[in-house]
Each structure stands twice: as C-alpha cells, then as structure tokens.
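Residue strings, one per chain:
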Protein chains: 2
Amino acid sequence: MRIYFATSNRHKVLEASSVLKRYSIEVEQIMVKKLEVQADDVEEIARTAAEDLCARRMDMTVVEDDGLYIKALEGFPGPYSEYVYRTLGLRRVLKLLEGVGDRSAFFKAAVGLCNNGVPHVFVGVVDGEIALEPRGLGGFGYDPIFIPKGYSLTFAELSIEEKSKISHRARAFQALAEWLLAHN
Amino acid sequence: MRIYFATSNRHKVLEASSVLKRYSIEVEQIMVKKLEVQADDVEEIARTAAEDLCARRMDMTVVEDDGLYIKALEGFPGPYSEYVYRTLGLRRVLKLLEGVGDRSAFFKAAVGLCNNGVPHVFVGVVDGEIALEPRGLGGFGYDPIFIPKGYSLTFAELSIEEKSKISHRARAFQALAEWLLAHN
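Please read these numbers as outputs of a predicted model, since none were measured by experiment. (Residues numbered from 1 in each chain as written. Chains lettered and ligands numbered in written order. Predicted model: local features only at pLDDT ≥ 70, side-chain atom pairs only at ≥ 80, totals over all residues. Heavy atoms only, no water.)

## Quick word on the pairing of strand E3 (residues 61–70) of chain A
All names here are of chain A.
Piece 1. Within E3, 10 of the 10 residues are buried, leaving the element largely enclosed by the surrounding structure.
Piece 2. Pairing between strand E1 (residues 2–6) and E3: 2 bridges, direction parallel. Bridge pairing in E3 links Tyr4 to Thr61.
Piece 3. As paired strands, E3 and strand E5 (residues 104–115) are joined by 10 bridges and run antiparallel to one another. Counterpart to Leu68 in the pairing with E5 is Phe107.
Piece 4. As judged from the 2 bridges shared by E3 and strand E4 (residues 77–78), these two strands associate in the antiparallel manner. From the neighbouring strand, Leu68 faces E4, where its bridge partner is Gly78.
Piece 5. Hairpin geometry of E3 and E4 is characterised by an intervening segment of 6 residues between the two adjacent antiparallel strands and by a positive phi of about 60° at Glu74. (Buried < 20%, exposed > 50% of the residue type's maximum accessible area, 1.4 Å probe, protein only. Helix = DSSP H or I, 4+ residues; strand = E, 2+ residues; numbered from the N terminus. Pairing = 2+ DSSP bridges.)

## Regarding helix H2 (residues 42–55) of chain A
All names here are of chain A.
Piece 1. With 14 residues, H2 extends 20 Å between its outermost C-alpha atoms, agreeing within 8% with the 20 Å of an ideal straight helix rising 1.5 Å per residue.
Piece 2. The set of residues buried in H2 consists of Val42, Ile45, Ala46, Ala49, Ala50, Leu53 and Cys54.
Piece 3. Elements in contact with the buried residues of H2: E3, E5 and strand E6 (118–130).
Piece 4. Looking at the residues trailing H2, positive phi occurs at Arg57, about 55°. (Expected span 1.5 Å × (residues − 1). Contact = heavy atoms within 4.5 Å.)

## Some points on the nonpolar core
Piece 1. Counting 47 residues, the largest nonpolar core has Phe76(A) and Phe76(B) as the members making the most contacts within it.
Piece 2. Once residues within four sequence positions are removed from consideration, Phe76(B) is found in contact with Phe76(A), Tyr83(A), Val84(A), Thr87(A), Leu88(A), Leu68(B), Tyr69(B), Ile70(B), Val84(B), Leu88(B) and Leu96(B). (Core = buried A, V, L, I, M, F, W, Y, C linked by side-chain atoms within 4.5 Å.)

## Quick notes on a nonpolar patch on the surface
Residues and elements named next belong to chain B.
Piece 1. Taken together, the side chains of Phe106, Val123 and Val125 present a nonpolar region at the surface, about 180 Å² in accessible area.
Piece 2. Within the element layout of this structure, Val123 appears in strand E6 (residues 118–130).
Piece 3. By relative accessible area, Val123 is classed as partly exposed at 31%. (Patch = residues over 30% accessible without salt bridge, like charges linked within 9 Å, V, L, I, M, F, W, Y side chains within 5 Å. Areas by Shrake-Rupley, 256 points an atom, 1.4 Å probe, with all protein chains shown as cover. Salt bridge = Lys/Arg side-chain N within 4 Å of Asp/Glu carboxyl O.)

## Overview of the relation of the copies chain B and chain A
Piece 1. Relative to chain A, chain B is turned by 180° and slid 0.0 Å along the rotation axis, the superposed coordinates differing by an RMSD of 0.0 Å. Viewed as a symmetry operation, the transformation between the two copies matches a two-fold axis. Taking C-alpha positions as the reference, the residue of chain B nearest the rotation axis is Val37(B), at 2.0 Å.
Piece 2. Here 100% of the contact residues of chain B are again contact residues in chain A; the copies associate through an equivalent surface. (Least-squares fit on C-alpha atoms with pLDDT ≥ 70 in both.)

Printed below as a string of structure tokens:
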C-alpha cells in the first residue's frame with residue numbers, strides 16, 4: 001500500500017516512513033499546499049485539512065500537524081509551534097520558563113487522511129518536560145529541549161529509530177497504519 | 001450604505017463604527033464564522049477570508065485581521081497576537097523584551113471585503129514602541145503596552161475617538177470607506 005504525504009518537511013516524511021515501513025506501507029512526499037486554519041488544537045487543524053483533501057478528491061493523501069503544549073504557558077506555543085520556533089527560537093521559549101517550577105509539556109500530533117472520500121484523524125501524544133537547555137543534534141524544531149517521560153535524553157539525543165518508538169508523530173502514524181490495514 | 005462585519009469582537013465593531021460613521025456607512029455585526037488560515041502576514045489572512053466570503057456569496061461583508069509585530073522578536077506575535085495574548089499574556093510578552101534596547105513595533109490591520117463578488121483588502125499600519133509596563137484601561141488586547149509614535153500615552157490611555165484617528169484599524173477602515181464611496 002502507498003500513501004501520499006502533503007508536506008514540505010522532509011524530517012516528517014522520514015519519521016512517518018520509519019513507522020509505516022513496519023506495516024508495509026510506503027510513503028511518497030508530495031509538495032502540494034495544504035489548508036492550514038488557525039485553531040487552538042492541532043486535531044481541529046488536521047481535520048479541516050483532511051476535509052479539504054476530500055473536497056479536492058485527493059484520496060490516500062495525509063497531512064500532519066503537531067505542536068508542543070507547555071503547561072505553565074497555558075499550552076503555548078501549541079498549534080503555532082513552527083511559527084514560534086522561527087521567530088522566538090528555543091532560547092526565548094526557555095526564557096519564558098525561567099523561574100518556573102513546573103516544566104511539564106506534551107507533544108501532540110494529528111494526522112489527517114482522506115480515504116474513499118471520507119476524512120479521518122489519528123492522534124498521538126507524548127508526555128515529557130522541557131529541558132533547562134538545548135541538548136542533542138538530531139531531530140528538528142523543539143526536539144533539543146523536549147525530554148520524553150521516563151527518559152533522561154532529549155528527542156534530539158535519541159536516534160530516529162528510538163524517537164520513532166515513542167514520539168507523538170510515531171503514535172499518530174501507527175494509529176493511521178492500523179486503521180488502514182483494517183479498512184483497505 | 002451598510003456593511004456587515006463578521007466578527008465576535010465587539011471592540012472591533014465599535015472602532016469600525018467610529019470611523020465609518022464619518023462616511024455615512026453603517027456597520028452591522030454578524031456572528032458568522034470566518035475562514036482564518038495560518039500565514040505570517042495578516043494581509044494574506046484577510047485576503048483568503050475575503051475570497052471565502054465571495055465563495056459564500058456574502059456581498060458587502062467585511063472581515064478584519066490584525067497583529068502586533070515586535071521588531072526585536074522577529075515580528076512575533078504578529079498574526080497570532082490574539083492566541084499569544086490568551087496564553088502568554090502581556091506580562092510574559094514584556095518578559096521577552098527584558099534587556100532589549102530596541103522596543104519598536106507596529107500594529108497592522110487588514111480588512112477583507114467582498115464587493116460584487118470580488119475580494120479586496122485594505123491595510124492600515126501604525127508605528128510605535130512597546131511600553132515598559134501596561135498602562136491605561138481603554139481598548140483591548142495589547143493596547144496597554146503600545147505607545148504610538150509621536151505620543152507618550154498608550155493606546156489604552158487614549159479615548160476611542162483619539163485612538164480612531166491614528167490606529168491601524170482606523171486607517172484600514174478609512175481606506176475601505178474611501179474605496180466604497182468611490183466605487184458604489
């Protein structure tokens with residue numbers, strides 16, 4: 001089986017492939033613009049994008065949206081994580097947490113799929129906490145400052161294989177894969 | 001003449017009315033959901049929303065999007081100003097500017113209109129700087145920390161009439177009014 005992944009982010013394609021190959025599902029990156037609305041929850045953003053894929057008759061195509069939700073910052077940067085990464089950067093996000101005791105956070109990913117003209121959304125979450133400083137060279141975005149629960153290393157210090165066992169994105173794509181194998 | 005303003009923000013309706021009454025244009029607030037995409041510039045967000053109004057045949061209807069662009073923060077919070085206000089709040093935005101010399105910023109508003117099935121966008125900008133602490137009880141959002149260029153008071157310390165002479169939103173609605181009177 002093959003799915004098309006509408007994204008310009010090569011990291012996301014590699015992580016999705018790393019999960020989906022275990023289910024014999026191939027992933028092909030396609031560079032088409034997805035609809036990306038403003039909403040506080042990535043699940044709503046992915047659902048709207050999946051509905052739009054169906055409106056455009058783009059069957060077996062997926063989109064993915066994800067965000068880092070920091071508890072002490074009321075969920076910020078959440079759905080706007082990519083924008084905040086580009087403007088504030090990790091250094092300033094850490095500055096916002098100076099003197100804050102509770103550094104808990106979670107990453108949430110939502111994969112939107114159009115299948116036989118019907119939109120579906122699959123969600124993955126990983127709990128953890130924000131590191132005191134960036135560590136590691138792997139991954140992308142907030143990976144250097146996110147320590148998943150039960151680990152002492154950041155996402156950026158884990159290999160892509162290790163990250164793909166526990167990450168929010170991996171969990172969302174696992175849910176997608178299991179649904180696809182059961183329904184196609 | 002009468003236009004319909006698709007917004008849930010009563011402050012924005014009051015400010016628009018304050019400008020448009022000078023052109024004998026009435027404003028009626030309507031509570032319909034507008035399309036609000038993610039983009040770095042409020043002008044693009046308003047344009048997409050205006051195109052969507054036309055697709056829904058909502059003639060003589062306007063939407064407005066605006067944001068506070070802080071130079072030292074690479075434009076942050078920009079198009080996501082409302083979300084950042086709700087999550088970080090003014091106190092944490094000020095924290096990001098601790099020790100920063102250049103506090104310059106601008107407010108930008110973009111009004112999207114559907115007129116005779118064609119989308120139009122009108123932009124207004126006001127330059128200024130970020131106050132050291134919140135001041136004033138008027139306005140809403142970032143008004144207590146924005147000092148327009150040439151003034152010593154914040155937007156929240158000005159009356160609605162004074163703010164409506166110089167604000168980004170006032171300028172965008174003035175441009176709308178002048179265009180409407182010339183083309184209808």
